[in-house]
Amino acid sequence: MKSFFATISKYLALAGVLFYKKRLLNIIFILYSCLTRKNKILGLPFFLQVEPTNRCNLNCRLCLTGYEKLNRPKRDMAFDEFAKIIDQLEGSVFYLVLYNLGEPLLNSQIYQMISYAKKKRIFVRLHTNGDFKDKKHIGSIINCGVDELTVSLDCATPQAYLKHKKSDTFENVIDNIGSIIRERGRRCRPFINIQLLLTRDNENEISRFKSLVGRLKADKGLIKKVRVDFPGVQPDAAFLPLDARYIRKIYKDGYRKKRCFRPWVSTVVLCDNSVTPCCFDMQAEHKFGSMDNSDFRQIWVSRGYAEFRQQALSDINKIPLCRQCSAIDFFDNFL
């Protein structure tokens, strides 16, 4: 019953932020640009992803940071840099994800960022690996105003966790999740997800993971199909589950994408203030500009961004970045 009310609260919060700063009108402009296949876009993105840091405290096998193959220097975004982004996009953005590469809680200003976005009436989703020892994070997560929290546990047993994340802190993460849920108490926010990354090593742990989600009384358990190809890293099919039902369409013969809406509706700002088209561009190969020396609108309507949209319209499968992406089959990426 608690999860039901948390779900209702989540979607009411989403609905509430739409009616602020003419955001609905902006959505109409963006959708018109999508439907009419315009590369000269009307409006600004309504979905924003910001990378608070690309540093991490873990070495997961399926992460560029864990592989130590990330070509970008390690850096934390400063609060003033974040505020500049939000100030320029508060009239359009209603959904903010605070995560890309790295562990957001390592940025000492993360809760200040969340509070600032909430003052601008933006729905905020935070991702974390949950592996922290400073228990002050528990109260901060609950009280900062974040709407949705996803904890990337990724495994359901200590043995699988050690193999995947090269860390023996599984029980610490479980304890942190339980403490966050207890601290939330009767409140409905944040909506709390626990995520399992489904690989060959843990495809037999699905029922155990579901039991764990129920025991912890999280609002939802997310079972995410693994991605095995990353820029600069040789794809490793050995991570793919043996059961074909658990494999993304992108890894099946004959798969071709028809279209993608992300270059019109969303954008990503990396921790160094670079603007890229989506979260799959982890190495910033398609950097269209920087918030350090440009306003976002200038970048959004720039020639480079327009040419990328035109390429996506002509044949999205010819863009190497997009061939790796399965965003258009988003719901197929989860069980």
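Not measured: the values here are computed from a predicted model. In this numbering scheme, every chain counts its residues from 1 along its sequence in written order. Restriction of local features to residues with pLDDT of at least 70 applies here, the model being predicted, together with a cutoff of 80 or more for giving and counting side-chain atom pairs; totals for whole chains, interfaces and linings are based on all residues. Calculation of side-chain values draws on the structure's entire complement of heavy atoms; hydrogens and water are dropped beforehand.

*Asks:* Go over the overall build of the protein chain, please, and point to the residues and values.
*Replies:* On a plain count of helices and strands, the protein chain comes out with 13 helices and nine strands. Each radius of gyration is computed over the set of C-alpha atoms, and the globule rule expresses the reference value as 2.2 Å times the number of residues to the power 0.38. A compact globule built from 335 residues would reach a C-alpha radius of gyration of about 20 Å, and the protein chain, at 19 Å, matches this within 12%. Partly exposed residues are those whose accessible area sits between 20% and 50% of the maximum for their type, while under 20% is buried and over 50% is exposed, using a 1.4 Å probe and protein chains only. The burial tally for the protein chain puts 59% of its 335 residues in the buried class. Within the protein chain, contacts between residues at least 6 apart in sequence are counted, and of these 71% link residues at least 24 apart. With an accessible surface of roughly 15400 Å², the protein chain has 53% of that area assigned to carbon and sulfur atoms. His is not counted here, nor are the chain ends, while Lys and Arg score as positive and Asp and Glu score as negative. By convention, charge coordinates are those of NZ in Lys, CZ in Arg, CG in Asp, or CD in Glu. If you average the places of the 55 positive and of the 34 negative side-chain charges in the protein chain, the two averages end up 6 Å apart. Secondary structure elements follow DSSP: runs of H or I of four or more residues count as helices, runs of E of two or more count as strands, with numbering from the N terminus. Residue contacts follow a heavy-atom distance rule, with two residues in contact if any of their heavy atoms lie within 4.5 Å. Every accessible area reported is derived by Shrake-Rupley at a probe size of 1.4 Å, with residue values counting cover from the shown protein chains alone.

*Asks:* An account of the layout of surface pockets is requested, with residue identities and associated values reported.
*Replies:* Two kinds of site are reported from a 1 Å grid over the protein atoms alone, namely cavities, where a 1.4 Å probe fits but cannot get out, and pockets, open sets with protein on both sides within 12 Å along at least five of seven lines, and residues are called lining when an atom falls within 4 Å of a point. Grid points are joined across faces, edges and corners, and a volume is the space filled by probe spheres set on the points. Size it by volume and the second largest pocket reaches roughly 210 Å³. Looking at the second largest pocket, it is lined by 13 residues, and the ones nearest its centre are R37, R259, C260, F261 and L313. Of the residues forming the lining of the second largest pocket, the biggest block, four residues, is contributed by helix 12 (residues 303–315). Polar here means any residue other than Ala, Val, Leu, Ile, Met, Phe, Trp, Tyr, Cys and Pro, which are nonpolar, and Asp, Glu, Lys and Arg, which are charged; Gly is therefore polar. Per-class residue counts for the lining of the second largest pocket are eight nonpolar, one polar and four charged.

*Asks:* Residue-level account of empty space enclosed by the protein, with values.
*Replies:* A complete count under the given rule lists three cavities of 30 Å³ or more for this structure. By volume, the second largest cavity amounts to about 60 Å³. The element that contributes the greatest number of residues to the lining of the second largest cavity is helix 7 (residues 158–165), accounting for three residues. Each residue belonging to the lining of the second largest cavity can be placed in one class, and the counts come to three nonpolar, three polar and four charged.

*Asks:* Give a description of the pairing of strand 1 (residues 47–50) that names residues and reports values.
*Replies:* Whether two strands pair comes down to DSSP finding at least two bridges between them. Direction of pairing for strand 1 relative to strand 2 (residues 95–98): parallel, over a ladder of four bridges. Looking at strand 2, one finds that F47 is bridged to Y95. Sheet topology places strand 1 next to strand 7 (residues 266–269); four bridges connect them, and they run parallel. If you follow V50 over to strand 7, its bridge partner there is V269.

*Asks:* Please set out helix 4 (residues 79–89) residue by residue, giving values where relevant.
*Replies:* Buried residues of helix 4: F79, E81, F82, A83, I85, I86 and L89, and no others. Of the surrounding elements, those touching the buried residues of helix 4 are strand 1, strand 2, helix 5 (110–119), strand 7 and helix 11 (296–300).

*Asks:* Please provide a residue-by-residue account of the sheet that holds strand 9 (residues 289–290), values included.
*Replies:* Working definition: the strands of a sheet are paired by backbone hydrogen bonds and lie parallel or antiparallel to each other. Read across the open sheet, the nine strands follow the order 6-5-4-3-2-1-7-8-9; overall the sheet is mixed. Two strands close off the open sheet at either side, each with one partner strand: strand 6 (220–225) and strand 9. Note that strand 8 (residues 274–276) and strand 9 share two bridges and pair antiparallel. Residue V275 lies in a different strand from strand 9, and its bridge partner there is G289. Geometry is summarised by axes, namely lines fitted to C-alpha atoms with helices restricted to the contacting stretch, and by angles between N-to-C directions that run from 0 to 180 degrees. Docked against the sheet, helix 7 engages strand 4 (148–154) and strand 5 (191–198), running at close to 90° with respect to strand 4. Contacts from helix 8 (residues 170–184) reach strand 4 and strand 5, with the element oriented near 160° to strand 4.

*Asks:* Mind laying out the side chain of R184, listing which residues take part and the relevant values?
*Replies:* Considering the arrangement of structural elements, one finds R184 in helix 8. For R184, a relative accessible area of 2% translates into the label buried. Pairs of N or O atoms within 3.5 Å make up the polar contacts considered here, provided that, within protein, one atom can donate a hydrogen while the other can accept it, and that residues adjacent in sequence are counted only when both atoms are side-chain atoms. A polar contact is formed between the side chain of R184 and the side chain of D219, at a distance of 2.6 Å.

*Asks:* Could you give an account of the pattern of salt bridges, naming the residues involved and the relevant values?
*Replies:* We count a salt bridge whenever a side-chain nitrogen from Lys or Arg sits within 4 Å of a carboxyl oxygen from Asp or Glu. Taken as a whole, this structure holds 15 salt bridges when the rule is applied. Ionic pairing is found between D76 and R55, a salt bridge with its closest N-O pair at 2.9 Å. Taken as a pair, D76 in the loop between helix 3 (64–67) and helix 4 and R55 in the loop between strand 1 and helix 3 lie far apart in primary sequence, 21 residues in all. Of the residues examined, R55 reaches a relative accessible area of 29% and is grouped as partly exposed. Shared partners join several salt bridges into a network, and the residues in it are R61, K163 and D201.

*Asks:* Mind laying out the packing of aromatic side chains, listing which residues take part and the relevant values?
*Replies:* Classification of ring pairs rests on two measures: the distance between centres of Phe, Tyr or Trp rings, Trp counted by its six-membered ring, which must be within 6.5 Å, and the angle between planes, read as stacked under 30 degrees, edge-to-face over 60 and tilted in between. Tallied over the full model, the rule gives ten aromatic pairs. Ring centres 5.4 Å apart and planes at 70° place the aromatic pair F4 and F5 in the edge-to-face group. Look at F4 and you get partly exposed, because its relative accessible area is 49%. Owing to a relative accessible area of 43%, F5 belongs among the partly exposed residues under this scheme. Here the aromatic cluster, defined as three or more aromatic residues joined through ring pairs, consists of F288, F296, W300, Y305 and F308. Two conditions define a charge located above a ring, namely a distance within 6 Å from the ring centre to NZ of Lys or CZ of Arg, and an angle within 35 degrees of the ring normal. The aromatic ring of F191 is capped on one face by K10, whose charged end is 4.6 Å from the ring centroid. The side chain of R309 reaches across the aromatic face of Y305, ending 4.3 Å from its centre.

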